[in-house]
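# Report on the structure
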Amino acid sequence: MSVRVIPRLDIKGPNLVKGVHMEGLRVLGKPEQFARHYYESGADELLYMDVVASLYGRNSLLDLIERTAREVFIPLTVGGGIRSVADIRRVLRAGADKVAINTEAVRRPEFICEAAHVFGSSTIVVSIEAIRQSDGRYLAYTDCGREWTGLDAVDWAVKAAELGAGELLVSSVDRDGTGKGFDVELTRQIARLVSVPVIASGGAGQLEHVCEVVDRGSADAVGLASLLHYDFVRSGAPSGHATTPKTQEGNLEFVRRQTAWSAIRSVPLAEVKQCLWNSGVDCRLN
Amino acid sequence: MNGNNPPRVAIVDYQAGNLYSVEHACRCAGMEPWVTSDPKSLSGVAGVILPGVGAFGDAMRALRDSGLADALIDFSHSGRPLIGICLGMQLLLGESHEFGRHRGLELIEGEVRRLQISTTNRAARVPHVGWSRIYPATRGSQLVDWAATPLNGIEPGQSMYFVHSYVVCPAQRDLVVAESVHGDTVFCSALRRKNVWAFQFHPEKSGPRGIQLYRNIAGLFQADTSMPLAGESRDGSPRRELRHAA
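Residues numbered from 1 in each chain as written. Chains lettered and ligands numbered in written order. Predicted model: local features only at pLDDT ≥ 70, side-chain atom pairs only at ≥ 80, totals over all residues. Heavy atoms only, no water.

## Focus: the overall build of chain B
What counts here: Runs of H or I in DSSP of at least four residues are treated as helices and runs of E of at least two as strands, each being numbered from the N terminus. Note on classification: 1.4 Å probe, protein chains only; a residue is buried when its accessible area is under 20% of the maximum for its type, exposed when over 50%, partly exposed between these limits. It only takes one pair of heavy atoms within 4.5 Å for two residues to be counted as in contact. Here the Shrake-Rupley method, with its probe set to 1.4 Å, supplies the accessible areas, and only the displayed protein chains count as covering residues.
Looking only at helices and strands, one finds six helices and 16 strands in chain B. The buried share of chain B, taken over its 246 residues, is 60%. Long-range contacts, defined here as pairs at least 24 residues apart, represent 73% of the contacts in chain B between residues at least 6 apart. Taken as a whole, chain B presents about 9,700 Å² of accessible surface, with 48% of it coming from carbon and sulfur.

Structure representation (structure tokens):
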């Protein structure tokens, strides 16, 4: 089956943001424009993460989901602040296909089971934010890597899959936004122990990183942010209109100066697909 | 599209899943969609789409409790097109083995079984989530011609988006229109029985090719609105007949 390339859009209020280690968020533009651009470029899915929803205890993404579903006909996974069956229902009814759950799944693991029973396992993605420790272990966190859950990330991944998660979104907090490459070892350890698909996320800074995490990490899908976002901002929207953020709040430094981390050699999505295909990975080419 | 009004299509809402995308795909494909949970509303539309995300047992319970199950069965006997998508496809079958044993709408003889994968290949996990290719089914020594189906214009081997753990196994093999492969298992990804069409993948999630399928469905609805609506009476006799036959 095809390996999926999934642009990951971290969202704060009306803006697409990107941080490093999930902190220090910079504003990159309007999420809808990025979503449409990635759809037209052959993205296999989209991932919206409301990066402040867990902190505020609510999901502010519903309007954005509705607007996106009007023009983007590929699967959309939404995460951030999902705490109940009613929350899931709201997000699905707005046009999302799957939900990603972290905090509430950790707090109440039986929620995974409940949600899978009502909506089917395939709708439930458990999101795991892992940080590599100096002894090589991986610990699981919530709230963008701020709160330790008391769990070992690999053990938790196995348990989440047993409880009914249909997929695991495995994000490396310490690689996030750095461009140093995915945490291949983290992905590999989890992928070999679970029977559900694993989406690797966090750290992609160049094309080779994507092939590496599929080949050596056994990832079934890759979540990409910086690698794609900076390319789109730099090239401007296809019709030349700027991806001007709706508000002036937040850190707009990147959009003004268009300087990404030098560690990130951003590329268009089609090049990612071509690179995977050329290295012998089955993926969907447009 | 000919110059007619956009065909009016009912999207059946039974509180499980992604209706917004189906609705927008319909609109994008030139239909006039109407999301409804009112069983009586099905009588006045050109076609019905039964979408679905979720668990079979809960979905059937919701359809029965709301009266939609009977309305769908009656609608299928009207001769107008009924389209099942994903779980909506599976609900058309006789019974399912998802989380126990559940009876379906029994419009198509056969059952819904868990995808059985014998290989340990990591790409062949269940649930089957992602893009897989669809191919014309074989009928005898020949391939099914998609030209006369809503798959008209779609290349054999085109990728479509799937999210499911179960597959339909129709008792009559000649109902199968398209097949796909997951791991070492070939399964039915599209089927037809008379005016009932069903797709295991999500065309509304399969990018521009999926939208093309919706356009073809719109054509089907438009063609069929002009047909005499045979057997539209609501006496339920065709259903009884089917039940006796089963």
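## Regarding the packing of helix α1 (residues 31–40) of chain A against helix α10 (residues 226–235) of chain A
Residue and element names in this part refer to chain A. To keep it simple, the criterion reads: Think of each axis as a best-fit line through the C-alpha atoms, taken over the contacting stretch in the case of a helix, with angles from 0 to 180 degrees between the N-to-C directions. Each angle is binned into one of four classes, with values under 35 degrees roughly parallel, values over 145 roughly antiparallel, values of 65 to 115 roughly perpendicular, and all other values oblique. Residues are grouped as follows: Ala, Val, Leu, Ile, Met, Phe, Trp, Tyr, Cys and Pro are nonpolar; Asp, Glu, Lys and Arg are charged; all remaining types, including Gly, are polar.
The contact between α1 and α10 brings their axes to 11 Å, and the two run at 100 degrees. As far as their axial angle goes, α10 and α1 are roughly perpendicular. On α10, the residues touching Q33, F34, H37 and Y38 of α1 are L228, H229, F232 and V233. Split by residue class, the contact of α1 with α10 holds five nonpolar, three polar and no charged.

## A word on the confidence of the model for chain B
Our working definition: One number per residue, pLDDT, summarises how confident the predictor is, and it ranges from 0 to 100.
When pLDDT is averaged along chain B, the result is 86, and 86% of the positions lie at 70 or above. Low pLDDT (under 50) marks residues 225–246 of chain B, which in the prediction has 26 contacts with non-local residues, meaning those over four places away or in another chain.

## Some remarks on the interface of chain A and chain B
Bring the parts together and some accessible area is lost; that lost area is often taken as the interface size. Here is the rule we go by: Values labelled buried area give the accessible surface lost by two parts on being combined, using a 1.4 Å probe and summing over both. Think of a salt bridge as a Lys or Arg side-chain nitrogen and an Asp or Glu carboxyl oxygen that are within 4 Å of each other. Counting of polar contacts relies on pairs of N or O atoms within 3.5 Å, with two restrictions inside protein: one atom must be capable of donating a hydrogen and the other of accepting it, and residues adjacent in sequence are counted only when both atoms are side-chain atoms.
If you look at the interface, chain A gives 45 residues, while chain B gives 37 residues. Interface area lost by chain A to chain B is led by M1, F73 and R93 of chain A, which between them contribute 25%. Inspection of the chain A/chain B interface yields three salt bridges. Residue D13 of chain B pairs with R93 of chain A through a salt bridge whose shortest N-O separation is 3.1 Å. Remark: the boundary between chain A and chain B carries 13 residue pairs in polar contact (both at pLDDT 80 or more). Where the side of chain A that touches chain B is concerned, the elements lending two or more residues are α3 (62–69), α4 (85–94) and α6 (110–119) of chain A. Taken together, the residues that form the side of chain A that touches chain B break down as 23 nonpolar, nine polar and 13 charged.

## With respect to unusual backbone geometry
Most peptide bonds are trans, and most residues other than glycine sit at a negative phi. All names here are of chain A. Even without a glycine there, the phi angle at M22 is positive, about 60 degrees. Examined against the element boundaries, M22 turns out to sit in the loop between β2 (15–20) and β3 (23–29). For C144, which is not glycine, the phi torsion reads 55 degrees and is therefore positive. Among the structural elements, C144 can be located in the loop between β8 (138–142) and β9 (147–152).

## So, the packing of α3 of chain A against α4 of chain A
Helix packing geometry: the angle between the two helix axes and the distance between the axes. Residue and element names in this part refer to chain A. The N-to-C vectors of α3 and α4 enclose an angle of 30 degrees; their axes lie 8 Å apart at closest approach. Taken together, the axis directions place α3 and α4 in an arrangement best described as roughly parallel. Touching L62, I65, E66 and A69 of α3 are R90, V91 and A94, all from α4.

## Digging into the sheet that holds strand β13 (residues 166–170) of chain B
Residue and element names in this part refer to chain B. This is how the line gets drawn: Strand pairing is assigned whenever DSSP detects at least two bridges linking the two strands.
Spatially, β6-β5-β7-β13 is the arrangement adopted by the four strands of the open sheet, whose pairing is mixed. Only two strands of the sheet have a single neighbouring strand rather than two, namely β6 (102–103) and β13. Where strand β5 (residues 93–96) meets strand β7 (residues 108–114), three bridges bridge the pair, whose relative direction is parallel. Bridged to E95 within β7 is E111.

## Concerning the sheet that holds strand β3 (residues 47–50) of chain B
Residue and element names in this part refer to chain B. The mixed open sheet is built from eight strands, whose spatial order is β2-β1-β3-β4-β16-β15-β14-β9. What marks the edges here is a single partner per strand, and that holds for β2 (32–36) and β9 (135–136). Across four bridges, the pairing between strand β15 (residues 185–193) and strand β16 (residues 196–199) is antiparallel. By the bridge assignment, A190 is partnered in β16 with F199.

## Some points on the pattern of salt bridges
For the structure on display, the rule yields 29 salt bridges over all chains. A salt bridge links R4 of chain A to E45 of chain A; the shortest N-O distance between them is 2.6 Å. Linking R4 of chain A in strand β1 (residues 4–12) with E45 of chain A in the loop between α1 and β4 (46–50), this pair joins segments that are 41 residues apart in sequence. On the accessibility criterion, R4 of chain A (1% relative accessible area) is buried. A salt bridge links R133 of chain B to D282 of chain A, with the nearest nitrogen and oxygen atoms 3.0 Å apart. Here R133 of chain B, found in strand β8 (residues 128–133), pairs with D282 of chain A, found in the segment after α12 (269–278), and the two come from separate chains. When its relative accessible area of 25% is taken as the criterion, R133 of chain B is described as partly exposed. A single network of salt bridges, built from pairs that share partners, joins R83, E104, R107, R108 and E114 of chain A.

## Section: the nonpolar core
As a reminder of what qualifies: By nonpolar core is meant a set of buried Ala, Val, Leu, Ile, Met, Phe, Trp, Tyr and Cys residues that side-chain atoms within 4.5 Å join together.
Counting 161 residues, the largest nonpolar core has L168 of chain A together with L151 of chain B as its most contacted members. Broken down by element, this core gets its largest block of residues, seven residues, from helix α5 (residues 207–225) of chain B. Look past the residues within four positions of L168 of chain A in its chain and what remains in contact with it is V125, V126, I128, A157, A160, I190, V194, V196, P197, V198 and I199 of chain A.

## Quick notes on the pairing of β16 of chain B
All names here are of chain B. By the alternation rule, side chains of β16 split into V196 and A198 and W197 and F199, which are all buried. The sheet contact formed by strand β4 (residues 82–85) and β16 spans four bridges and is parallel. Within β16, the residue paired with I85 across the bridge is F199. Once β15 ends, the chain turns through two residues before running back antiparallel as β16, passing K194 with a positive phi of about 50 degrees.

## A few points about the environment of A190 of chain B
All names here are of chain B. Counting through the fold element by element, A190 comes out in strand β15. Taking the relative accessible area as the measure of exposure, A190 reaches 1% and is therefore buried. A190 sits 53 residues away from A137 along the chain, and the two C-alpha atoms are 8.9 Å apart. If we skip the residues at most four places from it in the chain, A190 touches M89, L151, L175, V176, V177, A178, A198 and F199.

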